[in-house]
Amino acid sequence: MLLPSVLFAQQAPALTALKQEAAAEVDGLQALTQQMVDQIFSFSELGFQEVETSRYVTGILEKNGFHVEHGVTGIPTAWVATYGSGKPVIAFITDLDCIPRASQKPGVAYHAPIIEGAPGHGEGHNSGMAVNVTAALVLKKLMDKNHLAGTIRLLPGVGEELVGTKAFYVRAGLFKDTDIVLGAHVSHQFATTYATGEGIWSGLVSVQYFFHGKSAHAAARPWEGRSALDAVSLMNAGWEFRREHLRLQQRSHYIVLNGGDQPNVVPSEAAVWYYFRELDYPHIKELYALGNTMAQAATMMTGTTVDHKLVGSAWPPFFNKVIAETQQKNIESVGMPKWSDADQTLAKALQKEIGAKVEGMKEKVEPLAEPAKDPAGGGSDDVGDISWNVPMVYLMYPANIPNLPGHSWANGVAMATPIAHKGSTSGAKVQAMTALDFLLQPELVKQAWDYFRDVQTKEIHYETFLAPEDQPAIEMNKEKMEKFAPALKKFYYDPMHYKTYLEQLGIQYPTIKAAP
Ligand SMILES: [Zn+2]
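Residues numbered from 1 in each chain as written. Predicted model: local features only at pLDDT ≥ 70, side-chain atom pairs only at ≥ 80, totals over all residues. Heavy atoms only, no water.

Here the focus is helix 10 (residues 341–353). Between the first and last C-alpha of helix 10 there are 18 Å, a value that for 13 residues agrees with the 18 Å anticipated at 1.5 Å per step. Inspection of helix 10 places Asp 343, Gln 344, Leu 346, Ala 347, Ala 349, Leu 350 and Gln 351 among the buried residues, and these make up the whole buried set. Buried residues along helix 10 sit against helix 12 (418–440). Gly 355 sits one or two residues past helix 10 and shows a positive phi near 75°. (Helix = DSSP H or I, 4+ residues; strand = E, 2+ residues; numbered from the N terminus. Expected span 1.5 Å × (residues − 1). Buried < 20%, exposed > 50% of the residue type's maximum accessible area, 1.4 Å probe, protein only. Contact = heavy atoms within 4.5 Å.)

Okay, structure coming up:
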């Protein structure tokens, strides 16, 4: 007498066949994937204000039988969507937010904002949910059909450009029962990495300093006043001198948030916002402490006071070797999308326009590289905090043009064109296939955890940068978004009437400058 489960295991379709089926199902959803890419591009919402984007994405998931919990961790635009039950729990995560002043007409190879000064997807986060939701819908179908146990979960990277949420997700225990996290991020290449990867990640804290002085008439009785702006200026000057004596791996930068109201009033309030980046937790803490010392010193020179607020933080990401090796095989089997002549023409024209190396789109998948021996540091992503709590990788899927500056209108050009559509479809295939690898092979889940415990966290233990009183900065970008929302609404994509956003905007693909 055989147990039914054993019988079932023998009858279940082989993993390879299931993965092929998943890829075919993703192809069958191409129109939906394209609509999601275009729709979220048109919403163009800044961090913490991803209201339309979250409503749209959770609407699709709820309609397809996912259970959605809204407003998790006190962040209105954060949510957790779940399908299935039992182990393993596989979570997909990807960002939602765009960046300021990156409004750009898609498919146009020179700077041409849809709305002057408005936010836009000048990094390409609009494609991430198209990747993850497509993969999740396909997995749901295959899990139902084949009675596969396991849980699929989706989470949004809210306010990623502000590195504002994942440490709070971790603190709230959102990953407590999660076995594997599969993140996805837009790129020009089709790749995954493990450990410190190419060594171009930093961790950081993002801190705002608020100085308080005393107002007075700046000409009639200046001796009565104490300038908060003086304190900001002295803190910045101090930091510039000290910069020379910091480790080469550090990156630090600031903007003045508030410089006072008008010159004849001694500024009683002024504020400056710093990012302190380094390669590991102790060095980041050191920079943070140094920033606090400089702020304090500036108050002593100016007779002012200061308080500070941590508004974002991120550990440097560290990715799981077992998952990366598994994912790499799927990347190689899916391969690069087939770029058309029009895609290549757009890519080359944009590269030429911005003075970058003109080489068009990438045609080949890169092999899995050895992690960098001496990481140099660079940008940050708050998925880092997740990666130190659960085995995780970050799939880079090819939905953008190579050699762009990042965080710029130029990075928005391809993001509602066939380049982004095809790249997202390819990314969705790898997400679905990699999830199947772990859903059907419990020993692989165990190996990923062995690497996590015995290698990654053998000596380094996660500690949050958050103080107990720190809360998500959910008010950020509210005013900016309210200012542009009425204008942006007129340009929301309408998939009922237009096949693509390019068609709705009346843009010929590609639009390039005429040869002189
Ligand atoms: Zn990003």
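There's more to say after this.
The subject of this paragraph is the confidence of the model for the protein. For the protein, the mean per-residue pLDDT works out to 96, and 97% of the residues sit at or above 70. Predicted confidence is poor over residues 1–11, with pLDDT under 50, and the contacts of this stretch with residues over four places away or in other chains come to three contacts. (pLDDT = per-residue confidence, 0-100.)

Right, let's get into the coordination of the zinc ion. Put simply, a metal with four donors set out as a tetrahedron has ideal angles of 109.5 degrees, and one with six donors set out as an octahedron has ideal angles of 90 or 180 degrees. Protein-derived ligands of the zinc ion are Glu 123 (OE), His 125 (NE2) and His 185 (NE2), with the metal-ligand distances lying across 2.1 to 2.2 Å. Considered as a linear motif, the donors of the zinc ion on their single chain read E-x1-H-x59-H. Taking the relative accessible area as the measure of exposure, Glu 123 reaches 17% and is therefore buried. Among the residues examined, His 125 registers a relative accessible area of 3% and is labelled buried. (Donors = N, O, S within 2.8 Å, 3.2 Å for Na, K, Ca; no water.)

Mapped onto the secondary structure, Asp 343 falls in helix 10. Within polar-contact distance, the side chain of Asp 343 engages the backbone nitrogen of Ser 340 at 2.9 Å. When near neighbours in sequence (up to four residues on either side) are disregarded, Asp 343 contacts Lys 338, Met 361, Pro 418, Ile 419, Lys 422 and Tyr 509. (Polar contact = N/O pair within 3.5 Å; in protein donor to acceptor, adjacent residues only side chain to side chain.)

Attention shifts here to the nonpolar core. Judged by nonpolar contacts, the single largest core of 158 residues is most densely connected at Ile 152, Leu 154, Phe 175, Tyr 209 and Phe 211. A total of 11 residues in this core trace back to one element, the largest contributor, which is helix 5 (residues 128–146). Each residue touching Phe 175, except ones within four places of it in the same chain, is listed here: Ile 93, Leu 155, Tyr 169, Val 170, Val 181, Ile 386 and Val 390. (Core = buried A, V, L, I, M, F, W, Y, C linked by side-chain atoms within 4.5 Å.)

Position of Met 361 among the secondary structure elements: in the loop between helix 10 and helix 11 (383–387). Residue classification places Met 361 among the buried residues on the basis of a relative accessible area of 4%. Taking the C-alpha atoms as reference points, Met 361 and Val 163, separated by 198 residues in sequence, lie 29 Å from one another.

The buried fraction of strand 2 (residues 79–85) is high, at five of seven residues. As paired strands, strand 1 (residues 67–70) and strand 2 are joined by four bridges and run antiparallel to one another. If you follow Glu 69 over to strand 2, its bridge partner there is Val 80. Here five bridges tie strand 2 to strand 4 (residues 150–157), and the two strands are oriented antiparallel to one another. By the bridge assignment for strand 4, Tyr 83 is matched with Ile 152. (Pairing = 2+ DSSP bridges.)

Across the sheet, four strands lie side by side as 7-8-6-9; this open sheet has antiparallel pairing. The open sheet terminates on both sides in strands that have one partner only, identified here as strand 7 (251–258) and strand 9 (305–314). Strand after strand, the sheet turns through a mean of 20° between neighbouring axes, direction not considered. Pairing of strand 6 (residues 203–212) with strand 8 (residues 269–278) involves 10 bridges; the strand directions are antiparallel. (Axes fitted to C-alpha atoms, helices over the stretch in contact; angles between N-to-C directions.)

Attention now goes to the sheet that holds strand 4. Pairing is mixed across the open sheet formed by six strands, whose spatial order is 1-2-4-3-5-10. Either end of the sheet is taken by a strand with one partner, and the two such strands are strand 1 and strand 10 (392–398). Taking each pair of neighbouring strands and ignoring which way they run, the sheet shows an average axis angle of 20°. Relative to strand 4, strand 3 (residues 89–95) is paired through seven bridges, and the arrangement is parallel. Its bridge partner being in strand 4, Phe 92 is matched across the sheet by Leu 154. Those strands touched by helix 9 (residues 321–334) are strand 5 (180–187) and strand 10, and its axis lies near 20° from that of strand 10. Relative to strand 10, helix 12 is tilted by about 150°, and along the sheet it contacts strand 3, strand 4, strand 5 and strand 10.

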